[in-house]
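Spelled out from the first residue to the last, the chains are:
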4 protein chains.
Amino acid sequence: MKALVTGFDPFGGDEVNPSSLAVSKLKKRIAGIAVHTVELPTSYAKSAGVLRAAIDKVRPDIVLCVGQAGGRSELCLERIGINVQDARIRDNDGKQPIDKPVVKEGPAAYFATLPIKACVAALRKAGLPAAVSNTAGTFVCNHILYSLMDIAQDHPAAFRGGFLHIPYVPEQVARLGAAPSMAVEDIVRGIEIILEVSAERTVDIQTVEGRIS
Amino acid sequence: MKALVTGFDPFGGDEVNPSSLAVSKLKKRIAGIAVHTVELPTSYAKSAGVLRAAIDKVRPDIVLCVGQAGGRSELCLERIGINVQDARIRDNDGKQPIDKPVVKEGPAAYFATLPIKACVAALRKAGLPAAVSNTAGTFVCNHILYSLMDIAQDHPAAFRGGFLHIPYVPEQVARLGAAPSMAVEDIVRGIEIILEVSAERTVDIQTVEGRIS
Amino acid sequence: MKALVTGFDPFGGDEVNPSSLAVSKLKKRIAGIAVHTVELPTSYAKSAGVLRAAIDKVRPDIVLCVGQAGGRSELCLERIGINVQDARIRDNDGKQPIDKPVVKEGPAAYFATLPIKACVAALRKAGLPAAVSNTAGTFVCNHILYSLMDIAQDHPAAFRGGFLHIPYVPEQVARLGAAPSMAVEDIVRGIEIILEVSAERTVDIQTVEGRIS
Amino acid sequence: MKALVTGFDPFGGDEVNPSSLAVSKLKKRIAGIAVHTVELPTSYAKSAGVLRAAIDKVRPDIVLCVGQAGGRSELCLERIGINVQDARIRDNDGKQPIDKPVVKEGPAAYFATLPIKACVAALRKAGLPAAVSNTAGTFVCNHILYSLMDIAQDHPAAFRGGFLHIPYVPEQVARLGAAPSMAVEDIVRGIEIILEVSAERTVDIQTVEGRIS
């Protein structure tokens, strides 16, 4: 079994991106899964190409993309990626698309295919704050989740995929001011649990994780 | 020009639902638009049927569904409805579906077709807090937004549609404790502005309203 | 019975201060109470002098100072003012004192002497979000609450006094972005209720309004 | 140089209190400081007596009391303790005092005498989220801060004292749902930094840490 895990490079003036920081600390082998990693550029134009090249090369069974969600307090498994690029700030190419599609004529959205509720349950059991999220925003994180699931539609490597949004790490909040954070060791441990659970089960569990609004 | 505006009945033990409260206070005619209203039951099983019957009867040009988003501080124009029923609490029929589709074999999501960014700009210009939201949750609000846009796919009344999530009204927070609220008069005024803007323009404006996560 | 109610002028680049906006809309007579108002400058150096002059002139039975607490969602009756000037931003004189006392050799703090819990109960009963707060911050609002209660120690007008922190008004949030707000009409109504309750009772009620942290 | 550090036992139905958890993991000697620890009961009636007995026995130079502030995201150095017992929930004796003084005829408040801003600066430099707080609430944490500084008024051990409010630990949020947390290792590291800084300097630094409201 092979997993591909991706992080992003820093953006928006930050010196660090906890996603690539955490991904770089992953073990190469987790519960029998060979773990491959790649850093994606925070770029609408380039990130999906780098992701596709890594998938072509690794031919993974599971792909987990990881990105920073500043302000959130939990490990958030994203349910869905939507066909929108709508940037609040410039990406690392200096581009700021407004209401463009990720894929022209693509469907409005794709669901992640990892067992997100089973992951949330396992994370909590391990003492880690976790939740299902219903929006990955409209910046490059959402772009890459949508792109990932679009690639999955017809890729010869019949992988399942998903996206994890993570909080700031403490050193960022020490600079930026009041916001939740999570120790990078806990984020790493969380990613490893997600990979284990995703490798074990293809069908998700049925638990109450919906949101009223 | 005809508009149909819907609110929901109270749910989750609340005595009031600010959406139906506000909708009941709308003028019958706003800037040349004939305004029809209907209250939807907070029911996965029944709400879409009531909505469709009202659309069949009114044959509106514009449909705006309104629902309560307890905890939000702004008038939120929803961008997208997703093909999921995932209830955190029981609906008014006592049902709590978990990870069911709204429409079997339906697409993963539909985008709203009202000019949401133009509405947000006009609301702010009128002194009302407003935002674009990228998730309507997974309860009956999202269910009805998805259903609305699904009905729109092939309905003879070629309407455009969207969903407005509104904060609590002050009297709710006086009972429930700390959370943002908005005066019902301001919510009513906001709905009227949305109808006016939606009647005036079919193409949205390009403004920075995206979210990073 | 005479009440003196004060608001502040705008500060920190804001065009409006909801406290003076609301205070300017008060009726001159509320339930038999003659209501006098004055606007205080958002100035550590000048505000207490203006307040004292108004108290000398009006000789009130009750003094309620009102100030903006951007980010709060409720009408907050402050419990205590502390003997600290510790400015996050410059005041309207361009001064930014750090860890200075309001009154040299003054006590560490003074409690407000209005019946704050009875006010909260009455506000909620009237459908207005309300709470007891245990910190008025360390900017000019806290400065004036401390100064007010210091004046009360030996002033011939044996007034009781307190401080009300209010949310943004909607038009501010329309400009500033996501934060709770309250309609100015509701703030005005809240102030009137506080004056009525404060005139009626000198001893507070015993209700659960404490905070764990 | 001797330091006394206290934590509280669990309360309010929690299985763990991160304050005693962190305090139990402190090294016995930190940068030349002998570290003594004691667990206080979350009891208005008993906590101050246990604290005083420990001070009598240890005769510390520095006392740091630590308590949980569920919902906060930073290590919060408290500026002031107020002469109020106003319980939102029952303490571990089943008592819920409303608007009682900590010390009859005591002053309204006492300031902490540790160099709180120097501690915040050092914590941030070490990559830990930190802030000055102006309210310790009105439950047993505030009670013990006020009691500590009251004991300091005339105790033969001329100690300086303060209070640290800490976030939940991740395992609590995994059970309780969305709230910020901090790894216990980071809390421990934070306490050690606070002890070092407090031992080094008796006069605080002048930095911008005030709050507007």
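Sequence order sets the numbering: in each chain, residues are counted from 1 along the sequence as written. Following the order in which they are written, the chains are lettered starting with A and the ligands numbered starting with 1. The predicted nature of this model means local features are confined to residues of pLDDT at least 70 and side-chain atom pairs, given and counted, to a pLDDT of 80 or more, with totals for whole chains, interfaces and linings taken over all residues. To get the side-chain values, take all heavy atoms of the structure and skip hydrogens and water.

Convention followed: UniProt positions are given in the numbering used here, feature names are shortened, and annotations may be inferred rather than shown by experiment.
Looking up chain A in an unreviewed UniProt entry gives the name Pyrrolidone-carboxylate peptidase, with the organism given as Reyranella soli. The UniProt entry for chain A carries this comment under Subcellular location (unreviewed entry): "Cytoplasm". Under the UniProt heading Catalytic activity (unreviewed entry), the entry covering chain A gives this text: "Release of an N-terminal pyroglutamyl group from a polypeptide, the second amino acid generally not being Pro."

1. Here we look at the overall build of chain A
Rules: Going along the chain from the N terminus, every DSSP run of H or I of four or more residues is numbered as a helix, and every run of E of two or more is numbered as a strand. Between the two quantities, the radius of gyration covers C-alpha atoms and the globule rule is 2.2 Å times the number of residues to the power 0.38. In this analysis, two residues are considered to be in contact whenever any of their non-hydrogen atoms come within 4.5 Å of each other. Think of it this way: Lys and Arg go in the positive column, Asp and Glu in the negative one, and His and the chain ends go nowhere. Where a charge sits is defined by one atom per residue type, namely NZ (Lys), CZ (Arg), CG (Asp) or CD (Glu).
Counting its secondary structure elements, chain A contains 6 helices and 9 strands. Relative to the globule expectation of 17 Å for 213 residues, the C-alpha radius of gyration of chain A, 16 Å, shows essentially globular dimensions. Based on the C-alpha atoms only, the size of chain A along its principal axes is roughly 45 × 40 × 35 Å. In chain A, the share of contacts with a sequence separation of at least 24, taken over all contacts with a separation of at least 6, comes to 79%. Of the charged side chains in chain A, 24 are positive and 23 negative, and the gap between their average positions amounts to 2 Å.

2. Side note on the relation of the copies chain C and chain D
Worth spelling out the cut-off: To superpose the copies, least squares is applied to the C-alpha atoms of every residue with a pLDDT of at least 70 in both.
After a rotation of 180 degrees and a shift along the axis of 0.0 Å, chain C superposes on chain D with an RMSD of 0.0 Å. Taken together, the rotation and translation relating the two chain copies correspond to the operation of a two-fold axis. Most of the interface of chain C is mirrored in chain D, where 97% of its interface residues again form contacts.

3. Notes on the UniProt feature "active site" (unreviewed entry) in chain A
All names here are of chain A. Here is the rule we go by: To sort residues, take the accessible area from a 1.4 Å probe on protein chains only and compare it with the maximum for the residue type: under 20% means buried, over 50% means exposed, and anything in between is partly exposed.
UniProt tags Glu78, Cys141 and His165 as "active site" (unreviewed entry). In summary, the annotated positions, though distributed over 88 residues, converge in three dimensions, the widest C-alpha pair being only 10.2 Å. Looking at the element boundaries, Cys141 is found in helix H4 (residues 140–152). Take Cys141: its relative accessible area is 5%, and that puts it in the buried class. Residues within four places of Cys141 in sequence aside, it is in contact with Phe8, Gly67, Gln68, Ala136, Phe163 and His165. Here His165 is to be found in strand S9 (residues 160–166). A relative accessible area of 0% places His165 in the buried class.

4. As for the pattern of salt bridges
Residues and elements named next belong to chain B. Quick note on the threshold: Salt bridge, as used here: a side-chain nitrogen of Lys or Arg that lies within 4 Å of a carboxyl oxygen of Asp or Glu.
As enumerated under the stated definition, the model contains 36 salt bridges over all chains in all. The partner of Glu192 in a salt bridge is Lys27, and the shortest N-O contact between them spans 3.8 Å. Placement of the pair is Glu192 in helix H6 (residues 184–200) and Lys27 in the loop between helix H1 (18–24) and strand S2 (29–30), with a sequence separation of 165 residues. The class for Glu192 is buried, based on a relative accessible area of 12%.

5. Digging into the sheet that holds strand S8 (residues 130–133) of chain A
All names here are of chain A. Counted only if it meets this: Pairing between strands is defined by DSSP: at least two bridges between them are needed. Interaxial angles span 0 to 180 degrees and are taken between N-to-C directions of axes, which are lines fitted to C-alpha atoms, for helices over the stretch in contact.
Strand order in the open sheet made by the 7 strands is S2-S3-S1-S4-S9-S5-S8, with mixed pairing throughout. The strands lining the two open edges of the sheet, one partner per strand, are strand S2 (29–30) and S8. Across 2 bridges, strand S5 (residues 75–78) lies against S9 in antiparallel orientation. Residue pairing in the sheet places Leu77 in a bridge with Leu164 of S9. This element, H4, spans strand S1 (2–8), strand S3 (33–40), strand S4 (62–68), S5 and S9 of the sheet and lies at about 170 degrees to S9.

6. A word on the pairing of strand S5 (residues 75–78) of chain C
Residue and element names in this part refer to chain C. The two faces of S5 match: Leu75 and Leu77 on one face and Cys76 and Glu78 on the other face are all buried. Where S5 meets strand S8 (residues 130–133), 4 bridges bridge the pair, whose relative direction is parallel. In the strand pairing of S8, Leu77 is matched with Val132.

7. Remarks on the interface of chain A and chain B
We count it as follows: By buried area we mean how much accessible surface two parts lose on assembly, using a 1.4 Å probe and totalling the loss over both. Just so you know the grouping, Ala, Val, Leu, Ile, Met, Phe, Trp, Tyr, Cys and Pro go in nonpolar, Asp, Glu, Lys and Arg go in charged, and all remaining residues, Gly too, go in polar.
Counting from both sides, the interface comprises 38 residues of chain A and, opposite them, 39 residues of chain B. Summed over both sides, the interface between chain A and chain B buries roughly 3000 Å², with carbon and sulfur atoms accounting for 58% of that surface. A per-residue breakdown of the area chain A buries against chain B is headed by A:Arg88, A:Ile212 and A:Ser213, which together make up 23% of the total. One salt bridge in this structure joins B:Asp86 and A:Arg79, with 2.6 Å as the shortest N-O distance. Elements with a minimum of two residues in the side of chain A that touches chain B: strand S6 (80–82) and strand S7 (109–111) of chain A. Ranked by the residues each element gives to the side of chain A that touches chain B, the list is headed by S7(A), at 3 residues. Split into classes, the residues belonging to the side of chain A that touches chain B amount to 17 nonpolar, 13 polar and 8 charged.

8. Some points on the confidence of the model for chain A
Just so we agree on the cut-off: The predictor attaches a confidence to each residue, and that confidence, scored 0 to 100, is pLDDT.
Chain-level pLDDT for chain A is 97 on average; 100% of the residues reach the 70-or-more range. This complex was scored by the predictor with a pTM of 0.97 and an ipTM of 0.97.

9. A look at the interface of chain C and chain D
Much of the literature gives interface size as the accessible area that the parts lose upon coming together. Applied cut-off: N or O atoms closer than or at 3.5 Å make up a polar contact, with two conditions inside protein: a donor-capable atom paired with an acceptor-capable one, and, for residues adjacent in sequence, both atoms drawn from side chains.
With 39 residues of chain C at the contact, the number on the chain D side is 38 residues. Across the chain C to chain D interface the summed buried area is about 3000 Å²; carbon plus sulfur atoms make up 59%. When residues of chain C are sorted by the area they lose upon contact with chain D, C:Arg88, C:Ile212 and C:Ser213 head the list and together hold 23% of the total. For the pair chain C and chain D, the interface holds 8 salt bridges. Applying the counting criterion to the chain C and chain D interface returns 14 residue pairs in polar contact (both at pLDDT 80 or more). Of all the secondary-structure elements, those providing two or more residues to the side of chain C that touches chain D are strand S6 (80–82) and strand S7 (109–111) of chain C. Ranked by residues supplied to the side of chain C that touches chain D, first place goes to S7(C) with 3 residues.

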